[in-house]
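Working through the structure, step by step
Spelled out from the first residue to the last, the chains are:
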Amino acid sequence: MIPNNNYDEELDEEQETDFDIEKESSLTYAMRITDRVDKDNIFLGKVDEEEALKQAILKIIHTERYEHEIYSWDYGIELQDLIGEQIPYVMSEIKRRIEDALTADERIDSVEDFMVEQMEKRALHITFTVITTEGERLEGLETEAKV
């Protein structure tokens, strides 16, 4: 078929279909997520909506990027190379890495209100707020990083 340059914009607008885009359910299994590798990581039931997103956020920031073949290269966070670095550098860099990891999820628009505190010699406590693509604010999210 040979293309022609006779594009009719009005005809194109008439051919648009009228349909609604439905949001897929976020129903998932509720998990207790810890850093320990024992029986404390168990399934607790099911969660949906905001709780499911909070769980996804925790799972993303507790998964090292590129370490597990089952996840795409966009999933998780890169923290391994921060181990042993100077704490002031890590405290500034971890903000960017959390934002990069979380905004890869299509439900998250941005991450803000970071607070990074040094808890121990090589441990940081991080709190932040996530803004969803729906405009909702998930405040008071927190994690710890050992670097």
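Going by the structure above, here's the rest.
Remember, it's a predicted structure, so these values are computed and weren't measured experimentally. (Residues numbered from 1 in each chain as written. Predicted model: local features only at pLDDT ≥ 70, side-chain atom pairs only at ≥ 80, totals over all residues. Heavy atoms only, no water.)

1. A few points about the pairing of strand 3 (residues 108-120)
Judged from the 9 bridges that link them, strand 3 and strand 4 (residues 123-132) form a sheet pairing that is antiparallel. By the bridge assignment for strand 4, Q118 is matched with L124. The turn linking strand 3 back onto strand 4 is made up of 2 residues. (Pairing = 2+ DSSP bridges. Helix = DSSP H or I, 4+ residues; strand = E, 2+ residues; numbered from the N terminus.)

2. Some words on the nonpolar core
Within the largest apolar cluster, 25 residues are counted, with the highest numbers of intra-cluster contacts made by I57, I98, L102, I126, F128 and V130. If you list the elements that add at least two residues to this core, you get helix 2 (49-61), helix 3 (87-102), strand 3, strand 4 and strand 5 (137-146). Looking at this core, the element that brings in the most residues is helix 3, giving 6 residues. If sequence neighbours within four positions are ignored, I57 has contacts with L102, I108, F128, V130, L138 and L141. (Core = buried A, V, L, I, M, F, W, Y, C linked by side-chain atoms within 4.5 Å. Buried < 20%, exposed > 50% of the residue type's maximum accessible area, 1.4 Å probe, protein only. Contact = heavy atoms within 4.5 Å.)

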